[in-house]
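# Reading the structure
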Amino acid sequence: MKSKSIFVRLLHLRHDFGMFWGLISGFIYMVLVFIGGIIGYMWLEGWNFLNSFYMVVITLSTVGFMEVLPLSDDGRVFTSILILGGVGGFAYLIGAFSQLLVEGRLQAILGRRRMQKTIGKFKNHIIVCGYGRIGAIVTKEIMDEGLDIVVIDNSPELILQMESAGIACIEGDATCDEILQLAGLANAKTLIAALSDEASNVYVTLIARQSNINVNIIARGNDTASISRLEFAGADRVVLPHTIGGIRMAQSVLRPTVTNFLDIAMRGKIDLQMEELFVSDFSELVGQDLIESKIRPRFNLIIIAIRKGSGEMVFNPGPKEMIEAGDTLLTVGKISDLSAISKIL
């Protein structure tokens, strides 16, 4: 049972060290050979530690120096075994290191370290947990907007795909607190839990909310029953992809023109975009109504709704609707006009 336990531990160590296991095991082997050589000379020849240490060094390095002291027959046999074991260990180490270089693993390791340094500099970025069918689409849409994003996934194949596409990513389990911290959770603005397993999304939401009380959490749910669970765990919003997809398909049949318009506006196929604009405390629009703000004549934008700081939503606001600090304006207009008004907000 004890030998089986040791074997299991070795398997765990090999899994933990991954591609470095060859180098690490080779290094451990050489250390054992070195220590065994010193002990062997001290025991067989009766030498002191310094003479034994020096003899092992010149033997394993194959420099060709003469023996420190005359060797007995047992000492010569031991030296021969030590040379064979040492040369074999060095050959194994060189082979393991060459494998890292030839397979490009070393470059991948260095690249991931550079990526981790880049991630460490992110502020107010977005973390996406899971790069499956939903996560991949979310990642693409966010990157198209030019925002900083970090993706967490435990699939080596998907990690390679993201690295090739220039996506900042971390390989690991998103339900692990250490992995979320590596993704910069403390400095993140939003976390999107897009894992296929609902229980994992609940767990990610719990960890994220405990680690960063201010992070905005968007969680994926599988059905309406999961909404309450995810919200109780700390999610600010729960999205049901299957429900949204079904509604979208139905609307494509019932209201095809409206659906096509929204699709065009949201995907930027023409110079038209729907956007939400936050009104800061220092904006010149604060304290003005829609007529006084002259948003329509100045920027050629249509205000379709205003989300008040209290959370109240005012649809199709009238001309006398006041603009206050903390409001969010839901607008439709050209991308160039949206960029212009953002300067005064």
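Data block above holds the structure.
Criteria and cut-off values
Residues numbered from 1 in each chain as written. Predicted model: local features only at pLDDT ≥ 70, side-chain atom pairs only at ≥ 80, totals over all residues. Heavy atoms only, no water. Phe/Tyr/Trp six-rings, centres within 6.5 Å; stacked < 30°, edge-to-face > 60°. Helix = DSSP H or I, 4+ residues; strand = E, 2+ residues; numbered from the N terminus. Buried < 20%, exposed > 50% of the residue type's maximum accessible area, 1.4 Å probe, protein only. Polar contact = N/O pair within 3.5 Å; in protein donor to acceptor, adjacent residues only side chain to side chain. Contact = heavy atoms within 4.5 Å. Pairing = 2+ DSSP bridges. Axes fitted to C-alpha atoms, helices over the stretch in contact; angles between N-to-C directions.

## Let's talk about the packing of aromatic side chains
- Enumeration according to the criterion identifies 4 aromatic pairs in this entry.
- Geometrically, the ring pair formed by Phe-34 and Phe-53 is edge-to-face, given 5.3 Å between the ring centres and 75 degrees between the ring planes. Of this pair, Phe-34 sits in helix α2 (residues 21–44) while Phe-53 sits in helix α3 (residues 49–60), and the two are 19 residues apart along the sequence.
- Judged by centre distance (5.4 Å) and plane angle (10 degrees), the rings of Tyr-41 and Trp-47 are stacked.

## With respect to the side chain of Thr-175
- The topology assignment puts Thr-175 in the loop between β3 (169–171) and α8 (177–182).
- Residue Thr-175 is classed as buried on the basis of its relative accessible area of 17%.
- Side chain to side chain, Thr-175 and Asp-173 meet in a polar contact 2.8 Å long.
- Non-local contacts of Thr-175, meaning those with residues more than four positions away in its chain, are made with Ser-200, Tyr-203, Val-204 and Ile-207.

## Some words on the sheet that holds strand β8 (residues 302–307)
- The antiparallel open sheet is built from 4 strands, whose spatial order is β7-β10-β8-β9. Both edges of this open sheet fall to β7 (273–278) and β9 (313–315), since each of them pairs with a single strand only. Averaged over all neighbouring strand pairs, the angle between strand axes comes to 25 degrees, with direction disregarded.
- Judged from the 5 bridges that link them, β8 and strand β10 (residues 328–333) form a sheet pairing that is antiparallel. Along β10, the bridge assignment pairs Ala-305 with Leu-330.
- Of the strands in this sheet, β7 and β10 are in contact with helix α15 (residues 335–342), which crosses β7 at around 5 degrees.

Function cannot be inferred from these measures alone, as they are strictly geometric.
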